[in-house]
Amino acid sequence: MTTIDEKETIELGIIGAGGMGRFYAQRLSKAGWKRVHVCDLPEKYEKLKEDFQGTPINVLPDGFAVSRRCDWIMYAVEAEYISSVVAMYGPATKMGAIVGGQTSVKQPEIDALVKYLPPDVHIVSCHSMHGPGVDPRDQPLVVIRKRATDEKYNLVLRILSCFESNFVHLSAEEHDRITADTQAVTHAAFLTMGSAWKANFQFPWLNPHYVGGIENVKVNVTMRIYSNKWHVYAGLAIMNPIANVQITQYARSVADLFKLMIQEKEDEFRARIRAAGEYVFGGLQKDHVPILLSDDLLDEFSLSKIPKEQRTPNSHLSLLAMVDCWYTLRLNPYEHMVCQTPLFRLWMGITEYLFRSPTMLEDAINAALYRKEIRADDMEFVTCARGWAEVVSLGSMEAYQKRFTETAQYFEDRFAESTIVGNNMIAMITRKTEKTAEQ
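From a predicted model like this one, the values you see are computed outputs, not experimental measurements. (Residues numbered from 1 in each chain as written. Predicted model: local features only at pLDDT ≥ 70, side-chain atom pairs only at ≥ 80, totals over all residues. Heavy atoms only, no water.)

Q: Tell me about the sheet that holds strand S6 (residues 122-128), residues and numbers included.
A: As summarised here, the arrangement of the eight strands in space is S3-S2-S1-S4-S5-S6-S7-S8, forming an open sheet in which the pairing is mixed. For this open sheet the edge positions go to strand S3 (58-59) and strand S8 (166-169), each flanked by a neighbour on one side alone. Pairing of strand S5 (residues 98-101) with S6 involves two bridges; the strand directions are parallel. Directly across from Ile-98, in S6, lies its bridge partner His-122. Its contacts with the sheet put helix H5 (residues 82-89) on strand S1 (11-15) and strand S4 (72-75), and the angle it makes with S4 is roughly 145°. (Pairing = 2+ DSSP bridges. Helix = DSSP H or I, 4+ residues; strand = E, 2+ residues; numbered from the N terminus. Contact = heavy atoms within 4.5 Å. Axes fitted to C-alpha atoms, helices over the stretch in contact; angles between N-to-C directions.)

Q: So, the environment of Gly-18: which residues are in play, and what are the values?
A: With respect to the element layout, Gly-18 can be found in the loop between S1 and helix H2 (19-30). By relative accessible area, Gly-18 is classed as partly exposed at 26%. Along the sequence, Gly-18 and Glu-78 sit 60 residues apart, while their C-alpha atoms lie 9.1 Å from each other. When residues no more than four places from it in sequence are discounted, the contact partners of Gly-18 are Asp-40 and Lys-229. (Buried < 20%, exposed > 50% of the residue type's maximum accessible area, 1.4 Å probe, protein only.)

Q: Describe helix H16 (residues 358-370), listing the residues and the values that go with them.
A: Helix length check: H16, at 13 residues, gives a terminal C-alpha distance of 18 Å against a target of 18 Å (1.5 Å per residue), a fit within 8%. For H16, every residue scored as buried is listed here: Leu-361, Ala-364, Ile-365, Ala-367, Ala-368 and Leu-369. Elements in contact with the buried residues of H16: helix H11 (241-262), helix H12 (266-281), helix H14 (317-329), helix H15 (342-355) and helix H17 (375-394). (Expected span 1.5 Å × (residues − 1).)

Q: Residues and numbers for the side chain of Gln-246, please.
A: Mapping Gln-246 onto the fold places it in helix H11. The exposure class assigned to Gln-246 is buried, which follows from its relative accessible area of 4%. Apart from the residues within four sequence positions on either side, Gln-246 is in contact with Ala-180, Asp-181, Val-185, Cys-325, Leu-329 and Leu-331.

Q: I'd like to hear about the packing of aromatic side chains, residue by residue, with values.
A: Counted under the stated rule, the structure contains 15 aromatic pairs. Here Phe-203 and Phe-411 contribute two aromatic rings whose centre-to-centre distance is 6.0 Å and whose plane-to-plane angle is 80°, an arrangement assigned as edge-to-face. With Phe-203 in the loop between helix H8 (172-199) and helix H9 (213-226) and Phe-411 in helix H18 (residues 397-411), this pair connects stretches of sequence that are 208 residues apart. When its relative accessible area of 30% is taken as the criterion, Phe-203 is described as partly exposed. Since its relative accessible area comes to 1%, Phe-411 is described here as buried. Taking the centre distance of 6.2 Å and the plane angle of 80° together, the rings of Phe-281 and Tyr-334 count as edge-to-face. (Phe/Tyr/Trp six-rings, centres within 6.5 Å; stacked < 30°, edge-to-face > 60°.)

Written out as structure tokens, the structure is:
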């Protein structure tokens, strides 16, 4: 049990005051931890003091100040910079302290902590599988125990318990494989949608192809991703070598299916979709509770003013290719639901919904093969999927930032509205997951 003395005496420190760093600091302070400290780059010190003025959170000038005094330290910095930041501040860590990180790629983080921290420092890392705008309650929170006594490890669990998240205990390698299988390729699909809409000078909520339940998820999640910071997704995709394999295969699956579509090779196309669907969804039991609710319920979360009756069939190439990708790599996405992010849950939900709805799947297959008026959209999706895969393969943060930022600027006028709708959608599916778990 956490004692009052513990919350009043233990010093908690966060190095990095971006979205997640601030989220952690505020949550810990609100939970009653009296000595919560935060820092950012030295040049941001004065601005950070202004931001936290009037709060119980103490702003320190730099990572040295945090490292020398704090009993628990979390590095909340971009994955790209974790090694250099730990190399700078790590050697100053207080004797016997516990140190971890919040980056989305764990092996480089753990390697940096082991390399640069004194041997008398404990290492317990973590990763909240959601962004700072999501209620952490019942979301997965990965905890990685690299080296720590039981006493120190249990202290970390008590500190993190205020998030009311579900602890998932993994190694760094297990974490990185699961996030590659889930987050990285999911993000790639949504990033590709946004790039394709921009390339076609489209706003999807004005197009009858993108009206209705499944389309609402696609549009809202794409807007949600592009309204966030680019480095969150770049680090996960580029610094995780396993992610490169998944993203490359996704682009290949998109292209392979499109080639069958434009040649109208119906038998081959259907056989490939059938085999992929059977592999991913064929083992589900009859009493399996669908991840999502009905298409009608998802209709509530729309940015479009086009009546549902006017929507036209879509090939859903992005979803068909995702299942083909999983099948080709022999991945079972249901094995990773323990580490599901809200976005992955939504992505799995609409994919499952499509493949387990025979009429909807048949409409998508027919549209893919014979609706020539949507070929231009699908062709652009192929091009953009390959573009994102090449950026990741080259390992270019600069190119990733440029692609991401240009697309984000195209859609930015709708971010505020889509964030509200997206939050409501995530809250709905979280409530449904809780009810399912209780049954």
